[in-house]
Amino acid sequence: MHRRTGRLCRDQAADRRSDRTCDARRTRLRLGARCARRLAGGLEESAIQRCLDERVKLMPGAKTLIRTMRARGATTILVSGGFTRFAEPVGQELGFHRMIANRLLIEDGRLTGKVRKPIVDATTKEVTLLAAIGELGVDPAATLAVGDGANDLPMIRRAGLGVAYHAKPIVAAEAGVRIDHNDLTALLYIQGIAPADWAAG
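Residues numbered from 1 in each chain as written. Predicted model: local features only at pLDDT ≥ 70, side-chain atom pairs only at ≥ 80, totals over all residues. Heavy atoms only, no water.

J.: For this particular structure, what's the right way to read the pattern of salt bridges?
T.: Note that side chains of opposite charge can pair when their charged atoms are close. For the structure shown, the criterion picks out 8 salt bridges. The salt bridge partner of arginine 110 is glutamate 44, with a shortest N-O separation of 3.7 Å. With arginine 110 in strand β8 (residues 110–115) and glutamate 44 in the loop between α2 (33–38) and α3 (46–54), this pair connects stretches of sequence that are 66 residues apart. Here aspartate 152 ties to lysine 125 by a salt bridge, and the two come within 2.8 Å at their closest N and O atoms. Remark: lysine 125 occurs in helix α6 (residues 122–136) and aspartate 152 occurs in the loop between β9 (143–147) and α7 (153–158); sequence separation between them is 27 residues. Neither aspartate 152 nor lysine 125 differs from the other in exposure class; each is buried. (Salt bridge = Lys/Arg side-chain N within 4 Å of Asp/Glu carboxyl O. Helix = DSSP H or I, 4+ residues; strand = E, 2+ residues; numbered from the N terminus. Buried < 20%, exposed > 50% of the residue type's maximum accessible area, 1.4 Å probe, protein only.)

Here it is as structure tokens:
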């Protein structure tokens, strides 16, 4: 784990409150490119479950991260540019409060190859974070946003602590914290939460 802002990040982690919001897109799933290609128009709806069973894997440390954050009073929101048919079951397994992703359009038991609008994009992620801050009455400085792609940058910039997790160079360069090698439990370390206080994953 590498920190670009040194003391600032340590100070922010030390000040993190238990009612923080964790908008953790990277806590989602890994959906392989081959699986995504299989979800083309004309395929039977059952292909979704096959992809879920065969290709989707939880990110290492995800369960421990979300369960620990929830135990400490955090609201956790998964915002994914992927599909609800994957994000929702994974998010439920991990314990997210809410999942936001794209909805596949299905007609007569087959995928149309299209998704319902509006599409989840960078604006969706930023707006979701800001809306949660307002709804929950959370201090913006007590929020944490995690991402790996360019469409995560607006959200990362808005959060009290923005984290680039195994991210593209453009994201790593702008985030307050970058994690290149550790699993998702590194997000607990940077908040000053000791392993002895982690919830079982």
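Read on, since the account is not over.
J.: Please explain the packing of aromatic side chains as it appears in this structure.
T.: Between two aromatic rings, the relevant description is the distance of the centres plus the angle of the planes. Summed over all chains, the structure comprises 2 aromatic pairs. Between phenylalanine 83 and phenylalanine 86 the ring centres are 6.2 Å apart and the planes differ by 45°, which places this aromatic pair in the tilted class. Phenylalanine 86 sits in the buried class, given a relative accessible area of 1%. Aromatic side chains tyrosine 189 and tryptophan 198 sit 5.1 Å apart centroid to centroid with 80° between the ring planes, which places their arrangement in the edge-to-face category. Residue classification places tryptophan 198 among the partly exposed positions, given a relative accessible area of 21%. (Phe/Tyr/Trp six-rings, centres within 6.5 Å; stacked < 30°, edge-to-face > 60°.)

So yeah, pure geometry; function would need other evidence.
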